[in-house]
Structures are given as C-alpha cells and as structure tokens.
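Residues per chain are reported as follows:
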Amino acid sequence: MKKIQISPSILSADFSQLGKEIKRLEESGADMIHVDVMDGHFVPNLTIGPPVIKALKTTSSIIFDVHLMISPVHKYIEAYSNAGADIITIHPEATDNLQSSISKIKELKKKVGISLNPETKIDVITKYLDQIDLVLIMSVNPGFGGQKFMPEVLIKIKDLKKIQIEKKLNFDIEVDGGINFENSKSAIEAGANILVSGTTIFKSNNGDIKKNIELLKSK
Ligand code: DX5
Ligand code: ZN
C-alpha cells in the first residue's frame, strides 16, 4: 500500500500571510500543498493566478499540487508550469482535447493529474490512465472550501482502485473536498492515498495544523 500523504488546501489559509502559512505547513508535516485555482467561469469562485504561485514558490521547496478549475485550461498550462506547479491537475470538461492537454503537461515535465467531479464517470478517463500520475476524485462540487463530503464518491474510488490493480498501474488517488477526521478513514480504505484538506487542517483544534495533519494521517 502507498504511504498516506496530506495535501493541505491553502484556500483555507490566511491569505494575508500565504508565504508564512506555506512554511508553517511544511514544518508541520504536509507532504505537498494543494493550490486551488478558480476562474469564476468553470467554477463560480475566483482565486489565484500564476504570479502569486510564482512568488509563493520562492518561499518553500514543498511540492506544489496545483488544481486548475479553469476553462479553457489548455492555453494556461504553460503559465502554471512556469510559475512552479509540480503537479498540474485538470478537469476533462475544461479542455477540447484531453490527450493534447495531457501531452502538454508531460512535455513540460510536470506530473499530470486528472480530476473527476462527483458526477463525472471513470469511463471518461479510462483510456488515459496509463499516461497519468494522479486522479483527483472530487468529493464536493468544485468551487468552494468548507462543503460537506459526498459519501457516494467512495464507490468511484473503489472502482478506480480496482481498475488500477487490474491494469497494474501506479497513479496516485487523491480525494478532495470535505475531508475530516470522521470520513478520512473511509476514503483511505476505498483506495485514496492522498488527502486534500482545507477546513479540517486550518480550523480544527484551534488551527493546530501539525496535530490535524497527524490526525488525518493516522486515521
Ligand atoms: C474545492 C477545492 C478543494 C477544497 C478543499 O473546489 O478543490 O480543494 O477547497 O477544502 P475543504 O477541505 O474545506 O473542503
Ligand atoms: Zn482542490
């Protein structure tokens, strides 16, 4: 079994102190940081762009796990790569040509992630699974932090894990949205090996992020 990794979403961090918040996450045992990029079009919310990522990248050597919720995504892949994204995750609905967007990320020598919304079926990505590094299973509808985990996605994680074993593939399975100390175990048991968490990490136990990361890992 793969080691369980935690990717805290900086969406719930103090935006006036982002550089310091990332340092704090790094020192508290985060394996990477999850950067939620939203465009006010693919999802209703608007967040951060490449210049901010580029500036934050100078503050830390931690892996930047960049979740692009923007459409059309293809023309922006290079900008996020240049800004310092290490993992670039895109949604199939946000590109006209998923194959060429995957190839583009690979040409830039970044890890490729594909994200599935709660209603998006695994079939959409089955034929690409041997080319990608990560599948990000959304357990909320993308757009906002602090939403409630949708337990119905657990079956999708299980199905994906089954396909992975059958095809002898090695991509990571990351789950994103509403992860807390109660449901993290079920996501891991279903097959997820990377947990994204914003609210639980930054707000539980009076914001003791070290404790919260440890608790999520140990469930
Ligand atoms: C939702 C984002 C998530 C989310 C995670 O669109 O992709 O990364 O902010 O935050 P919590 O853990 O608060 O659901
Ligand atoms: Zn995300």
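Criteria and cut-off values
- Residues numbered from 1 in each chain as written.
- Chains lettered and ligands numbered in written order.
- Predicted model: local features only at pLDDT ≥ 70, side-chain atom pairs only at ≥ 80, totals over all residues.
- Heavy atoms only, no water.
- Helix = DSSP H or I, 4+ residues; strand = E, 2+ residues; numbered from the N terminus.
- Buried < 20%, exposed > 50% of the residue type's maximum accessible area, 1.4 Å probe, protein only.
- Contact = heavy atoms within 4.5 Å.
- Polar contact = N/O pair within 3.5 Å; in protein donor to acceptor, adjacent residues only side chain to side chain.
- Pairing = 2+ DSSP bridges.
- Axes fitted to C-alpha atoms, helices over the stretch in contact; angles between N-to-C directions.
- Donors = N, O, S within 2.8 Å, 3.2 Å for Na, K, Ca; no water.
- Tetrahedral: all angles 85-135°; square planar, octahedral: opposite > 155°, others 65-115°.
- Near = heavy atom within 4 Å.
- Areas by Shrake-Rupley, 256 points an atom, 1.4 Å probe, with all protein chains shown as cover.
- Nonpolar A, V, L, I, M, F, W, Y, C, P; charged D, E, K, R; others polar.

Here's the deal with the environment of glutamate 93
Phase 1: With respect to the helices and strands, glutamate 93 occurs in the loop between strand S4 (87-90) and helix H4 (98-107).
Phase 2: Judged by its relative accessible area of 40%, glutamate 93 is partly exposed.
Phase 3: Residues glutamate 93 and glutamine 131 lie 38 residues apart in sequence; the distance between their C-alpha atoms is 18 Å.
Phase 4: Here glutamate 93 is in contact with Phe42, Asn117 and Thr120, once residues within four sequence places are set aside.
Phase 5: Side-chain polar atoms of glutamate 93 contact the side chain of threonine 120, separated by 2.6 Å.

A word on the sheet that holds strand S7 (residues 172-176)
Phase 1: Taken in spatial order, the 8 strands line up as S1-S8-S7-S6-S5-S4-S3-S2 in an open sheet, and their pairing is parallel. The sheet is open, and its two borders are formed by strand S1 (5-8) and strand S2 (32-38), each paired with just one other strand. Here the strands of the sheet are splayed against their neighbours by 25° on average, with no regard to which way each runs.
Phase 2: Inspection of the sheet shows S2 paired to strand S3 (residues 63-69) by 7 bridges, in the parallel sense. By the bridge assignment for S3, methionine 38 is matched with methionine 69.
Phase 3: Sitting on the sheet, H4 touches S4 and strand S5 (111-116), and the angle it makes with S5 is about 145°.

Regarding the coordination of the zinc ion (ligand 2)
Geometry reference: four tetrahedral donors at a metal, ideal angle 109.5 degrees. Six octahedral donors, ideal angles 90 or 180 degrees.
Phase 1: Within the first shell, the zinc ion (ligand 2) binds the protein through His34 (NE2), Asp36 (OD), His67 (ND1) and Asp176 (OD), at distances of 2.0 to 2.3 Å.
Phase 2: What the 6 donor atoms of the zinc ion (ligand 2) show is an angle range of 68 to 166° at the metal, which sorts the shape as octahedral.

Structural notes on the site of ligand 1
Phase 1: By nearness alone, 20 residues border ligand 1, and Asp36, Gly143, Asp176, Gly198 and Thr199 come closest of all.
Phase 2: Aspartate 36 places a side-chain nitrogen or oxygen 2.7 Å from an oxygen atom of ligand 1.
Phase 3: Interatomic distance of 2.8 Å between a backbone N/O atom of glycine 146 and an oxygen atom of ligand 1.
Phase 4: Across the complex, the protein chains shield 99% of the 380 Å² of accessible surface that ligand 1 would expose by itself.
Phase 5: Elements that contribute at least two residues to the shell around ligand 1 include exactly S2, S3 and strand S8 (194-197).
Phase 6: For the shell around ligand 1, the leading source of residues is S2, giving 3 residues.
Phase 7: The residue inventory of the shell around ligand 1, partitioned by class, reads 7 nonpolar, 11 polar and 2 charged.

The values are spatial; any link to function lies outside them.
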